[in-house]
Every structure is written in structure tokens, then in C-alpha cells.
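# Tertiary structure, described
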Amino acid sequence: MKTSKFAGAGAAAVGAATAAAVLLLGSTAASAEPVVDSSAYVFRTDGLLSISPSPYAESRDGDHDRQSVADVTALPLHGKPGIGLSALVAEAEGHRAEATVAKVNLLDVLKAETFRTWCDGADGGSAGVDLVNASILGTPVKAPAEEQRFDVSPLLQVTLNQQDRDDDSITVTGFTLTLLPNRDDPKRPLNKEEQEVAPDLVGLVTGQLPDLQKTPLRTVDDLLRALSPKGDLLKITVGSATCALEEEKEHEAEPVVKKHEPEPGEAPRPEVVQKSLPVTG
């Protein structure tokens with residue numbers, strides 16, 4: 001009886017242990033997070049106006065992901081364009097990713113028929129931007145091979161094709177517009193051009209034009225306080241792609257086939273010789 005009970009208890013214990021093992025193995029497999037090989041998004045804003053990356057695509061374990069949005073509009077003001085983008089597509093697969101957008105109009109600063117940001121993790125990694133009929137502040141621009149930065153004014157900074165690389169990945173940011181990038185001299189008077197655009201900037205960010213009699217915009221500090229009590233920046237990004245770098249594969253050397261050398265006294269092996277014979281009638 002004791003033996004029988006012990007055997008039953010042992011069987012129960014074995015069964016419980018087996019079940020526990022299955023649960024543990026199952027939970028371990030379920031908790032294993034997939035590897036993100038690449039990702040991309042088309043549009044985002046940070047600071048005074050916050051819009052999450054949209055659309056956003058992510059390749060996990062090499063799977064293909066494609067996300068799209070028909071159009072994005074933001075900051076409209078009195079018939080002015082504000083922000084307008086159409087046909088936004090983010091795509092990622094394996095170690096490649098890209099973000100494309102058509103009909104870009106970004107505060108009348110950036111305009112383009114097509115804007116593409118891409119990266120490829122193969123062969124050490126490469127990245128870049130492609131532009132079609134693009135202009136910045138009315139001046140035609142072509143896709144730069146390297147990062148380009150324009151200080152449009154002390155109030156506005158534009159960056160094209162910014163690339164950041166580490167040992168594992170490469171990230172390219174197609175276009176970045178930063179409002180109020182330099183606040184080192186808040187008491188500096190705004191120049192004539194800045195005073196002309198300052199009310200529209202406040203209107204774009206806050207949704208309401210300022211009353212210049214009650215809130216004069218004479219200095220950088222005036223503009224900061226009108227935009228936000230905290231003086232936060234506004235950063236707008238169009239196109240970003242990140243790709244993990246592929247591991248370099250070692251090429252195996254082809255086996256060397258040694259030519260048979262006849263031993264002393266051994267007749268050489270016959271070789272086939274192709275030769276054309278004359279044809280006689």
C-alpha cells in the first residue's frame with residue numbers, strides 16, 4: 001500500500017513537473033520579444049505642438065510592414081497653408097525601410113511633389129533622401145549627399161538629410177524644421193522680417209493671432225512668451241528611417257582542385273582534344 005501510494009504520488013509529481021515545464025517553456029517562448037530590424041515614419045511634431053509619428057511601420061524578425069495615411073493637415077490659419085501632406089507611406093522589411101510623402105507644404109518653408117527618406121542596412125549601411133520639384137523658401141533644392149543645415153533666421157533652422165550611425169544601425173532624418181533654435185539672446189530685438197512673420201508664427205502655434213497692442217512682439221523674449229510661457233521649441237520632422245546593419249557574411253574559400261601529376265613510369269592520362277577535320281567530297 002505504501003509503495004502504491006508512493007508510486008501514485010510520484011506519478012502525480014512527475015505529471016505536475018511536466019505541466020510546470022510546459023508552462024515555463026510556453027511562457028518563455030511567448031515572452032521572447034521579436035527583433036526589430038528596421039522602422040520608418042513620415043511625419044511628427046514635438047514641443048509646442050505634439051503629433052506622434054504617423055504613419056509608422058516596423059519590421060519585426062524581417063516581416064514586411066506597410067502603413068499609410070491619406071493626408072495630414074495641421075495649423076491652418078486664415079487661409080494660409082500651415083502644414084499639408086498627402087499620400088503618406090511608411091514601409092519596412094528586413095534591413096530596409098523608407099518613408100514617402102507627396103504634395104508637401106510645410107509652413108511655406110518646404111514644398112515638394114515627392115519626398116522620400118530611405119535606409120538600407122546591407123554592405124555597411126547606406127541612407128539618403130530623394131526629392132522631386134522641391135524648394136525651401138522658394139529656392140529650388142536637390143537632394144544633398146550629406147547633411148545640410150540652414151539657419152533661415154535666428155527664429156528658424158532647417159536640416160536636410162541628417163544621418164546618425166552607430167555600430168548596430170543607421171538612422172536618417174529627411175527634413176527637420178526647428179522654430180526658435182537659438183535663445184541665447186532673448187533680449188535681442190526682432191528685425192523687420194522677423195516682426196512681419198512673428199504674428200503668423202504665434203497664430204500657427206496657438207491657433208489665434210496675437211493682439212499686438214496688448215502683446216507687442218519686439219524682442220525674442222516677447223515672442224517666446226507669446227508662443228508659450230515655458231518657451232518650448234517647435235520641431236517638425238518629415239521622413240525618418242532606421243535600419244539595423246546586416247552582419248557581414250564570411251565567404252567560404254572555394255576548394256582547390258589539384259592537378260594529377262603522373263608518377264614515374266606512369267603513362268599520362270589521355271586528354272580530349274577538339275579539332276576540326278577537313279570535309280572531303
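Residues numbered from 1 in each chain as written. Predicted model: local features only at pLDDT ≥ 70, side-chain atom pairs only at ≥ 80, totals over all residues. Heavy atoms only, no water.

### Side note on a nonpolar patch on the surface
- Judged by side-chain polarity, Leu137, Phe150 and Val152 come together as a nonpolar surface patch covering roughly 220 Å² of accessible area.
- Position of Val152 relative to the elements: it lies in strand E10 (residues 148–153). (Patch = residues over 30% accessible without salt bridge, like charges linked within 9 Å, V, L, I, M, F, W, Y side chains within 5 Å. Areas by Shrake-Rupley, 256 points an atom, 1.4 Å probe, with all protein chains shown as cover. Salt bridge = Lys/Arg side-chain N within 4 Å of Asp/Glu carboxyl O. Helix = DSSP H or I, 4+ residues; strand = E, 2+ residues; numbered from the N terminus.)

### Considerations on the nonpolar core
- Membership of the largest hydrophobic core comes to 53 residues, with the highest contact counts inside it found for Phe43, Ile83, Leu85, Leu106, Phe115 and Phe175.
- Among all residues touching Ile83, those that are not within four sequence positions of it are Phe43, Val72, Thr73, Ala74, Leu75, Asn105, Leu106, Leu107 and Ile236. (Core = buried A, V, L, I, M, F, W, Y, C linked by side-chain atoms within 4.5 Å. Buried < 20%, exposed > 50% of the residue type's maximum accessible area, 1.4 Å probe, protein only. Contact = heavy atoms within 4.5 Å.)

### Describing the side chain of Ser169
- Note that Ser169 resides in strand E12 (residues 169–179).
- For Ser169, a relative accessible area of 18% gives the class buried.
- When near neighbours in sequence (up to four residues on either side) are disregarded, Ser169 contacts Asp164, Thr242, Cys243, Ala244 and Leu245.

### Side note on the confidence of the model for the protein chain
- When the pLDDT values of the protein chain are averaged, the result is 78; 70% of them are 70 or greater.
- Segment residues 1–30 is flagged for pLDDT under 50; beyond a separation of four residues in sequence, or across chains, it makes 0 contacts in the model. (pLDDT = per-residue confidence, 0-100.)

### Observations concerning the sheet that holds strand E1 (residues 36–47)
- The sheet built from 6 strands is open, its strands ordered E2-E1-E13-E12-E11-E10 with antiparallel pairing. With one partner strand each, in any of the chains shown, strand E2 (51–60) and E10 form the two edges of the open sheet. Pairwise comparison of adjacent strand axes, ignoring direction, gives a mean angle of 5 degrees for this sheet.
- Both E1 and E2 contribute to a ladder of 7 bridges, which runs antiparallel. Across the sheet, residue Ser39 finds its bridge partner in E2, namely Glu58. (Pairing = 2+ DSSP bridges. Axes fitted to C-alpha atoms, helices over the stretch in contact; angles between N-to-C directions.)

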